[in-house]
Amino acid sequence: MTERSEVGTAVLRVLQTADPASKVMAARQAAREWRLGKLSHEFSDMMPDMPARPEQPALLRPRDMPRRGTGTSVPRRIALIHALAHIEFVAIDLAFDMIGRFGSEFPRAFTDDWMRVGAEESMHFALLDRRLREQDSFYGALPAHDGLWDTAKDTAHDASARLAIVPMVLEARGLDVTLETVERFKQQGDHLTAKVLNRIYNDEIRHVSYGTKWFEYACRRNNQPPYDHWKQLVKTHFKGGLKPPFNDSARQAAGLTQDYYLCVE
């Protein structure tokens, strides 16, 4: 009988792949091999502090990023698609790092869920990169910032903190703003990008639900009150506070009720 590779090794391969197209392929392969039972639920490999990054885009501090503006020109539209593509690119690594760094602390179903997230984030990135190429651009043509990974580094020590901040704050914020962005693309006649963003929106509801599900699992295991513990983690690890408007219906569908995010200072 052939010995199975560890899922942690497959995850590490994704994180160590810099080229965007190759990272998408590695993510899909890892998810497929896990689904087919070709990977063991073992985590011997250490996860890197920082995943491999391509030479482009240039990564700037958030305050140094050029402003996109609010107009309807094609360059501004491309800049927005590029920013969204970068978010999805980093989200691939966030999903796989979630598995490799914290998977041993949870049942196999945790890896099931975040493998699905990783595969879907890779698909989201590929769809947005295709939209860039269809408009004579590409991912890497513009600068981007790496603030999302700063959050990963800040929560690398604590699964509950990572779950509280990445899916339950950052991805939940995507639920708050994506439908407005969809309408903006429709108004500009870009119905293809609007369709892509609608698909991403629906998938992200599920991603936030996985975050809420496993955060509450960890709270039950550790005998911690979920709402109060979440609010404390947000105060500790998320700078700037939570700001409305909130998409209450989408958050509710993801299990992220108002008990979590209202009345957070």
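Just above sits the structure.
Values in this document were obtained by computation on a predicted structure and should not be read as measured data.

Visitor: For this particular structure, what's the right way to read the packing of helix 6 (residues 159-187) against helix 7 (residues 191-222)?
Guide: How two helices sit against one another is set out by the angle between their axes and by the gap between those axes. The N-to-C vectors of helix 6 and helix 7 enclose an angle of 160°; their axes lie 8 Å apart at closest approach. Comparing the axis directions of helix 6 and helix 7 gives the class roughly antiparallel. In terms of crossing hand, the pair formed by helix 6 and helix 7 is left-handed. Per-class residue counts for the contact of helix 6 with helix 7 are 17 nonpolar, nine polar and three charged.

Visitor: Sorry, what's going on with the packing of aromatic side chains here?
Guide: What characterises a pair of aromatic rings is the spacing of the ring centres plus the angle enclosed by the ring planes. Throughout the structure, instances matching the rule amount to 14 aromatic pairs. Ring centres 5.6 Å apart and planes at 75° place the aromatic pair Trp230 and Tyr260 in the edge-to-face group. Taken as a pair, Trp230 in helix 8 (residues 226-237) and Tyr260 in helix 10 (residues 258-261) lie far apart in primary sequence, 30 residues in all. Ring-pair connections join several aromatic residues into one group, and the members of that group are Phe106, Phe110, Trp114, Tyr210, Trp214 and Tyr217. Seen from the ring of Trp149, Arg53 lies directly overhead, with NZ or CZ sitting 5.9 Å from the centre. Above the face of the Phe106 ring, Arg221 is positioned so that its terminal group lies 4.9 Å from the ring centre.

Visitor: Even after reading the chapter, I still don't get the environment of Met98, so can you show me in this structure?
Guide: Relative to the helices and strands, Met98 is located in helix 3 (residues 74-102). Along the chain, Met98 and Gly140 lie 42 residues apart, while their C-alpha atoms are 25 Å from each other.

Visitor: It is not clear to me how the nonpolar core should be interpreted in this structure. Could you clarify?
Guide: Nonpolar side chains in soluble globular proteins tend to end up buried together. One finds Phe96, Trp114, Met115, Phe215 and Trp230 to be the most contacted residues of the largest nonpolar core, which totals 70 residues. The set of elements that each furnish at least two residues to this core consists of helix 1 (7-15), helix 2 (20-35), helix 3, helix 4 (108-134), helix 6, helix 7, helix 8 and helix 10. Among the elements that line this core, the one with the most residues is helix 7, at 12 residues. Ranked by size, the runner-up nonpolar core spans six residues in total, among them Leu94, Trp149, Ala152 and Val166.

Calculation rules
Residues numbered from 1 in each chain as written. Predicted model: local features only at pLDDT ≥ 70, side-chain atom pairs only at ≥ 80, totals over all residues. Heavy atoms only, no water. Axes fitted to C-alpha atoms, helices over the stretch in contact; angles between N-to-C directions. Helix = DSSP H or I, 4+ residues; strand = E, 2+ residues; numbered from the N terminus. Parallel < 35°, antiparallel > 145°, perpendicular 65-115°, else oblique. Left-handed = near helix turned anticlockwise from the far one by under 90°. Nonpolar A, V, L, I, M, F, W, Y, C, P; charged D, E, K, R; others polar. Phe/Tyr/Trp six-rings, centres within 6.5 Å; stacked < 30°, edge-to-face > 60°. Lys NZ or Arg CZ within 6 Å of the ring centre and 35° of its normal. Core = buried A, V, L, I, M, F, W, Y, C linked by side-chain atoms within 4.5 Å. Buried < 20%, exposed > 50% of the residue type's maximum accessible area, 1.4 Å probe, protein only.

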